[in-house]
Amino acid sequence: MKKVFKIAVLPGDGIGPEIVDATIRVLDIVSKKYNVHFEYKYGLVGGAAIDETGDPLPEETLRICKESDAILFGAVGGEKWDNLPTDKRPEKGLLRIRKELQLFANLRPAKAYEPLLDASPLKESVIKGVDLLVLRELTGDVYFGEPRGREVRNGERVGYNTMIYYEHEVRRIAKLAFELARKRRNKVTSVDKANVLEVSGMWRDIVNEVHADYSDVELEHMYVDNCAMQLIRRPKDFDVIVTGNIFGDIISDEAGALTGSLGMLPSASIGERYAFYEPIHGSAPDIAGKGIANPIATILSAAMMLDITCKLPKAARDIEIAVEKTLDDGFRTVDIWSVGTTKVGTFDMAEEIARRL
Ligand code: NAD
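In this text the structure is predicted, and so the values were computed from the model without any measurement. (Residues numbered from 1 in each chain as written. Predicted model: local features only at pLDDT ≥ 70, side-chain atom pairs only at ≥ 80, totals over all residues. Heavy atoms only, no water.)

A short note on the overall build of the protein
Of regular secondary structure, the protein possesses 12 helices and 14 strands. In terms of overall dimensions, the protein is globule-like: its C-alpha atoms have a radius of gyration of 21 Å, near the 21 Å expected for 357 residues. Considering only residue pairs separated by 6 or more positions, the protein has 75% of its internal contacts joining residues 24 or more positions apart. Counting only carbon and sulfur atoms, one obtains 51% of the accessible surface of the protein, whose full area is about 16,500 Å². Across the protein, the centroid of the 48 positively charged side chains sits 2 Å from that of the 56 negatively charged ones. (Helix = DSSP H or I, 4+ residues; strand = E, 2+ residues; numbered from the N terminus. Rg over C-alpha atoms; globule rule 2.2 N^0.38 Å. Contact = heavy atoms within 4.5 Å. Areas by Shrake-Rupley, 256 points an atom, 1.4 Å probe, with all protein chains shown as cover. Lys, Arg positive; Asp, Glu negative; His and termini not counted. Charge placed at Lys NZ, Arg CZ, Asp CG, Glu CD.)

Considering the packing of helix H8 (residues 224-233) against helix H9 (residues 245-259)
Relative to each other, H8 and H9 sit at 5°, their axes nearing to 10 Å. Classified by the angle between their axes, H8 and H9 sit roughly parallel to one another. Side by side, H8 and H9 meet where Val224, Cys227, Ala228, Leu231 and Ile232 of the first sit next to Phe247, Ile251, Glu254, Ala255 and Leu258 of the second. Here the contact of H8 with H9 is composed, by residue class, of 9 nonpolar, no polar and 1 charged. (Axes fitted to C-alpha atoms, helices over the stretch in contact; angles between N-to-C directions. Parallel < 35°, antiparallel > 145°, perpendicular 65-115°, else oblique. Nonpolar A, V, L, I, M, F, W, Y, C, P; charged D, E, K, R; others polar.)

Some points on the domain arrangement of the protein
We note that the domain assignment places domain 1 (1-116 + 258-357) and domain 2 (146-244) within the protein. A separation of 28 Å is found between the C-alpha centroids of domain 1 and domain 2. Facing 7 residues of domain 1, the contacting portion of domain 2 comprises 8 residues. For the pairing of domain 1 and domain 2, the buried interface totals around 600 Å² over both sides, and the portion due to carbon and sulfur atoms is 76%. Taken as a group, Phe104, Leu107 and Leu258 account for 63% of the area that domain 1 buries against domain 2, more than any other trio of residues on that side. Our count for the domain 1 to domain 2 interface comes out at 2 salt bridges. (Domains from an automatic or database assignment. Buried area = accessible area lost by both parts, 1.4 Å probe. Salt bridge = Lys/Arg side-chain N within 4 Å of Asp/Glu carboxyl O.)

Side note on helix H1 (residues 16-33)
Between the first and last C-alpha of H1 there are 26 Å, a value that for 18 residues agrees with the 26 Å anticipated at 1.5 Å per step. Buried within H1 we find Gly16, Glu18, Ile19, Val20, Ala22, Thr23, Ile24, Val26, Leu27, Ile29, Val30 and Ser31. Of the residues flanking the end of H1, it is Asn35, one or two places downstream, whose phi is positive at about 55°. (Expected span 1.5 Å × (residues − 1). Buried < 20%, exposed > 50% of the residue type's maximum accessible area, 1.4 Å probe, protein only.)

Concerning helix H7 (residues 198-211)
For H7, which comprises 14 residues, the first-to-last C-alpha distance of 20 Å matches the rise-based estimate of 20 Å (1.5 Å per residue) to within 8%. All of the buried residues in H7 are Val199, Ser200, Trp203, Arg204, Ile206, Val207, Val210 and His211. Next to the buried residues of H7 lie strand S5 (131-137), helix H6 (167-182), strand S8 (187-192), strand S9 (218-223), strand S10 (240-243) and H9.

Comments concerning the sheet that holds strand S1 (residues 3-12)
One open sheet accounts for 10 strands, arranged S2-S1-S3-S12-S11-S4-S5-S10-S8-S9; its pairing is mixed. If you trace the sheet from one side to the other, it starts and ends with strand S2 (36-42) and S9, each paired once. Within this sheet the neighbouring strands show an average axis-to-axis angle of 25°, counted without direction. Note that S8 and S9 share 6 bridges and pair parallel. (Pairing = 2+ DSSP bridges.)

Focus: the site of the ligand
Among the 20 residues in the neighbourhood of the ligand, the closest are listed as Glu91, Gly282, Ala284, Asp286 and Asn294. Interatomic distance of 2.5 Å between a side-chain N/O atom of Glu91 and an oxygen atom of the ligand. At 3.5 Å, a side-chain N or O of Glu278 approaches a nitrogen atom of the ligand. In isolation the ligand exposes 810 Å². Once the protein is present, 68% of that is buried. Mapped onto the shell around the ligand, the elements with two or more residues apiece are strand S3 (70-75) and helix H4 (90-100). Partitioning the shell around the ligand into residue classes produces 10 nonpolar, 6 polar and 4 charged. (Near = heavy atom within 4 Å. Polar contact = N/O pair within 3.5 Å; in protein donor to acceptor, adjacent residues only side chain to side chain.)

What to know about the nonpolar core
If you look at the biggest cluster of nonpolar residues, it comprises 71 residues, and the most contacted ones within it are Leu107, Tyr277 and Leu306. The dominant element in this core, judged by the number of residues it contributes, is helix H10 (residues 296-308), at 9 residues. When residues of this core are assigned to domains, at least three fall in each of domain 1 (1-116 + 258-357) and domain 2 (146-244). Residues within four places of Leu107 in sequence aside, it is in contact with Leu133, Val134, Leu135, Leu180, Pro266, Ser267, Ala268, Ile270, Met304 and Ile308. Within the second largest apolar cluster, 20 residues are counted, among which are Leu122, Met222, Phe247 and Ile251. (Core = buried A, V, L, I, M, F, W, Y, C linked by side-chain atoms within 4.5 Å.)

Following this line, the structure appears as structure tokens:
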């Protein structure tokens, strides 16, 4: 019997609809090849939703998300909505989805593709072979800790936040890190600042305790400042990097920048029940509607969906291989184009990838 997956599709703004359409083209092939059926329900989000309903995340969209197995998201935002108050802006829709669906982990792979090595700011010998995953905790840490605030004390302004983690938050992200490492190269680097912060000391103890159930996976601990440096010096040595919310915010951007191609970077945010897949780039208003955006980050996000939500790792791997072959054969969207390669638009890039599946 055909397996059915309910997918909430939220194209959003700017290039969102184009890259999501292109990705669905690739998923159509997967559906035939793997005998699965994707039941798509489209929802409005971001500026598109503000224009229709006045709300960046209408109730209807949230309902569609909550009734789905996975959410495929494009991007939100644009100049048109830039002057709205903060809680009415398109980006608020995205933040609310993450909160409503209790997504506690953000997965950001960074992989160096052989034909795109010169896009990296690093030397070819350093970047070649890089294939790592940053796993960032999303619900705790200094971003949400209480007390927080700004006030005047003794005639002087002070600002303060609280860095806090609960045991269960560290335990569940550590467990996920080890599970993910088992499907990759069996190594976890846990990043903290345990030489200075009590919260990091506790983080480290708990990661060690969870590791007892995963002794087949190699575990190392690294201070965040050292990690920032080693990512530039020897990025190849990392497999899964697990870290808290604020360190992960910074380290994941650094890892993304290693490969140099914004249009190539996928991501997933997952919770106990829901999973959300999106490219890391924004709505690229400067190229929206021109049919030239790179769909690969979204297509690779869909590959993560096949792996994590649909439990079809072979289909996910096939997409990655098809992307590599398409690049090897010289096809490029404008953002990754170089002399001697063939420039294609969004849909043709998806078509070339689909043909190689
Ligand atoms: P951006 O990522 O949209 O674009 C940065 C640059 O990269 C632009 O020159 C753009 O043309 C290019 N680019 C991005 N994705 C590309 C792709 N797939 N193919 C080819 N080129 C691509 O970032 P920005 O310009 O800072 O922000 C634009 C809007 O997107 C803003 O409204 C911002 O708030 C929003 N934004 C949304 C998200 C999201 O939805 N997750 C993330 C970041 C920014």
